[in-house]
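Observations on chain architecture
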Amino acid sequence: MTDRHVPLIERFRDRLPFAEGDPLVSLQEGSTPLLRAPILSEMLGATVRLKLEGANPTGSFKDRGMTCAVSAAVREGAKAVVCASTGNTAASAAAYAARAGITCAVIVPEGKIAQGKMAQTLVHGARVISLAGNFDQALTLVRELTANHPIVLVNSVNEFRIEGQKTAALEIHEDLGGELEALCIPVGNAGNITSYWRGFREMGAAPRLFGFQAEGAAPLVEGRVIEHPETVASAIRIGNPVRWEDAMAAATDSRGSIRSVSDEEILAAFRLLASREGMFCEPASAASVAGLLKYGTDGAEQIVCVLTGRGLKDPETAIAHNDGMIIQCAAETGPIEEAVLGDP
Ligand code: AN7
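Structural notes, computed from the coordinates. (Residues numbered from 1 in each chain as written. Predicted model: local features only at pLDDT ≥ 70, side-chain atom pairs only at ≥ 80, totals over all residues. Heavy atoms only, no water.)

**What about the overall build of the chain?**
The cut-off we apply is this: The helix and strand labels rest on DSSP assignments: H or I over at least four residues marks a helix, E over at least two residues marks a strand, and numbering proceeds from the N terminus. Only protein chains enter the area calculation, which uses a 1.4 Å probe; residues under 20% of their type maximum are buried, those over 50% are exposed, and those in between are partly exposed. Every residue pair with non-hydrogen atoms within 4.5 Å of one another is taken to be in contact. Per-residue and other accessible areas follow the Shrake-Rupley method at a 1.4 Å probe size, with only the shown protein chains counted as cover for residues. For the charge count, each Lys or Arg is scored as positive and each Asp or Glu as negative, with His and the chain ends excluded. Taken as the charge location is NZ of Lys, CZ of Arg, CG of Asp or CD of Glu.
Counting its secondary structure elements, the chain contains 15 helices and 10 strands. Burial statistics for the chain: of 344 residues in total, 57% are counted as buried. Long-range pairs, those at least 24 residues apart, make up 70% of the contacts in the chain with a sequence separation of at least 6. Summed over its atoms, the accessible surface of the chain is roughly 14,500 Å², and 50% of this surface lies on carbon and sulfur atoms. When the 31 basic and 42 acidic side-chain charges of the chain are each reduced to a single mean position, those positions are 5 Å apart.

Encoded structure:
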């Protein structure tokens, strides 16, 4: 049996570019649950499962890539890492850099990253550069910076990130014995869909990949760079994905597609997941389920939706959009009875 209680690089060493004895920077990432979704399965007439990437140490799939990118950086003798980020890459880079004892700087779009991610990044001791610009501008600047200074770039232009993230596909393939027919996944900078396709191909598998972008940030759907991307799903507020060609190839080669979902559809899926399936993910993650609900199964019977990050990352959006209620109440028996038992 596979030992899941090991660093991701150890578990998949035969498929990753690391040798025995290489330095490993790990927070015991990967080996995340694959949870059945009974409500979605019923709604769609298929078996739908959720890959819970929010169960990773920093709460998103980025940890799979980051253990590889930071371990490789340490192997090269690097003393610092840097990234542009909509939040999750920043949180993950900050955590792994802390673990490695190296420094970390992150460039984030001012006012556009969720509170949980900002809290994580700061608490791990990273230098946060709040840019008067969007993610795409941040990435351009940081690529220039790393071309001229000895700092390792840990965005998904870094091949180690793609290598690490492909392990999620390896896990799903192993868990389902190769039965998977369709995978639904949110798409931002397009590193993750690229990684999954690489992972599945290495296993000789070819599920259809359905990628979903937010309507206001859908460059791959519109076939053009979006100068001013906007969406409630701040993680995927990206207008010029770095893995553009790879993502299009993944969709085409797998007989899948990349399509868009509106913010309303994202939030409806977000609420349904939380209030009916009991699974609190962040809004960007819900784009996978929103897409599945919007466009249907296309005949697939075994489906996985990737929930890329956990809900606590973005408390503001959760508090603004939910199916719960707050009832103000005096500290007396009558009002308590009414509040708990009365009609909503
Ligand atoms: C929760 O952190 O780009 O298509 O800078 O945080 O591989 O970019 C995050 C992306 C989906 C999209 N879901 O993945 C960043 C960043 C969540 C995310 C995506 C992101 P890619």
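**A closer look at the sheet that holds strand β8 (residues 208-214)**
Just so we agree on the cut-off: Only when DSSP finds a minimum of two bridges between them are two strands counted as paired. The axes are straight lines fitted to the C-alpha atoms, using for helices just the contacting stretch, and the angles between their N-to-C directions are given from 0 to 180°.
Read across the open sheet, the 6 strands follow the order β1-β2-β10-β7-β8-β9; overall the sheet is mixed. The open sheet has two edge strands with one neighbour each: β1 (34-36) and β9 (257-261). Each adjacent strand pair in this sheet contributes to an overall mean axis angle of 25°, direction not counted. When β1 meets strand β2 (residues 47-52), the two strands line up antiparallel, connected through 3 bridges.

**Considerations on the packing of helix α3 (residues 62-75) against helix α4 (residues 88-100)**
Put simply, the rule reads: Each angle receives one of four descriptions, namely roughly parallel if under 35 degrees, roughly antiparallel if over 145, roughly perpendicular if within 65 to 115, and oblique otherwise. In this scheme the crossing of two helices becomes right-handed for a clockwise turn of the near helix relative to the far one and left-handed for an anticlockwise turn of less than a right angle. Basically, the charged four are Asp, Glu, Lys and Arg, the nonpolar ten are Ala, Val, Leu, Ile, Met, Phe, Trp, Tyr, Cys and Pro, and anything else, Gly included, counts as polar.
α4 packs onto α3 with a crossing angle of 40° between their chain directions and a minimal axis gap of 9 Å. The angle between the axes of α3 and α4 places the two elements in the oblique class. Crossing geometry of α3 relative to α4 is assigned as right-handed. The segment α3 lies against α4, with Lys 62, Asp 63, Met 66, Thr 67, Val 70 and Val 74 engaging Asn 88, Thr 89, Ser 92, Ala 93, Tyr 96 and Ala 100. Here the residues of the contact of α3 with α4 sort into 6 nonpolar, 4 polar and 2 charged.

**Quick look at the site of the ligand**
Stated precisely, the cut-off is as follows: Residues are labelled near a given molecule or strand when at least one of their non-hydrogen atoms is within 4 Å of it. By the criterion applied in these results, polar contacts are pairs of N or O atoms within 3.5 Å in which, for protein atoms, one can donate a hydrogen and the other can accept it, and in which residues neighboring in sequence qualify only through two side-chain atoms. For cavity detection a 1 Å grid was placed over the protein atoms alone, and a set of points counts as a cavity when a 1.4 Å probe fits there but cannot get out; an open set counts as a pocket when protein lies on both sides within 12 Å along at least five of seven lines, with lining residues being those that have an atom within 4 Å of a point. Cavities and pockets are treated as containing a molecule whenever more than half of the molecule's atoms lie within 2 Å of their grid points. A domain assignment, automatic or from a database, supplies the domain bounds used here.
The environment of the ligand is made up of 21 residues, and the closest members are Asn 88, Gly 188, Asn 189, Ala 190 and Thr 308. Between the ligand and Ser 85, the relevant distance is 3.0 Å, taken from an oxygen atom to a side-chain nitrogen or oxygen of the residue. When atoms are counted within 2 Å of each cavity's grid points, the one that captures over half of the ligand is the largest cavity. Along the lines of polarity and charge, the residues of the shell around the ligand split into 9 nonpolar, 10 polar and 2 charged. Counting residues domain by domain, the shell around the ligand receives three or more from each of domain 1 (8-60 + 160-320) and domain 2 (62-158).

**Considerations on the nonpolar core**
As a reminder, the rule being used: What we call a nonpolar core is a set of buried Ala, Val, Leu, Ile, Met, Phe, Trp, Tyr and Cys residues that are connected through their side-chain atoms within 4.5 Å.
The biggest cluster of nonpolar side chains holds 35 residues, and the ones touching the most others in it are Leu 40, Val 48, Leu 50, Leu 273, Val 289, Ile 303 and Leu 307. Breaking this core down by element, the ones donating at least two residues are α2 (38-44), β2, β7 (182-186), β8, α12 (263-276), α13 (283-295) and β10 (302-307). In this view, Leu 50 contacts Pro 33, Leu 34, Leu 35, Ala 37, Leu 40, Leu 273, Met 279, Val 289, Cys 305 and Leu 307; residues no more than four positions away in its chain are not counted. Counting 31 residues, the second-largest nonpolar core is a separate cluster that includes Cys 68, Ala 90, Phe 160 and Leu 170.

**Let's talk about the sheet that holds strand β4 (residues 103-109)**
Spatial ordering of the open sheet is given by β5-β4-β3-β6, a layout of 4 strands whose pairing is parallel. Single-partner strands in this sheet number two, and they are β5 (127-131) and β6 (152-153). The sheet contacts of α4 involve β3 (80-84) and β4, and relative to β4 the element is tilted by about 170°.

**Points about the side chain of Arg 161**
Of note, Arg 161 is situated in helix α7 (residues 159-165). For Arg 161, the side chain forms a polar contact with the main-chain oxygen of Val 154, separated by 2.8 Å. Discounting chain neighbours no more than four positions away, the residues touching Arg 161 are Lys 62, Gly 65, Met 66, Ala 69, Thr 89, Val 154, Asn 155, Ser 156 and Ser 195.

**Notes on the pairing of β2**
Within β2, 6 of the 6 residues are buried, leaving the element largely enclosed by the surrounding structure. The side-chain alternation of β2 yields two buried faces, one formed by Thr 47, Arg 49 and Lys 51 and the other by Val 48, Leu 50 and Leu 52. The sheet contact formed by β2 and β10 spans 6 bridges and is parallel. What sits directly across from Arg 49, in β10, is Val 304.

Keep in mind these numbers describe shape, not what the thing actually does.
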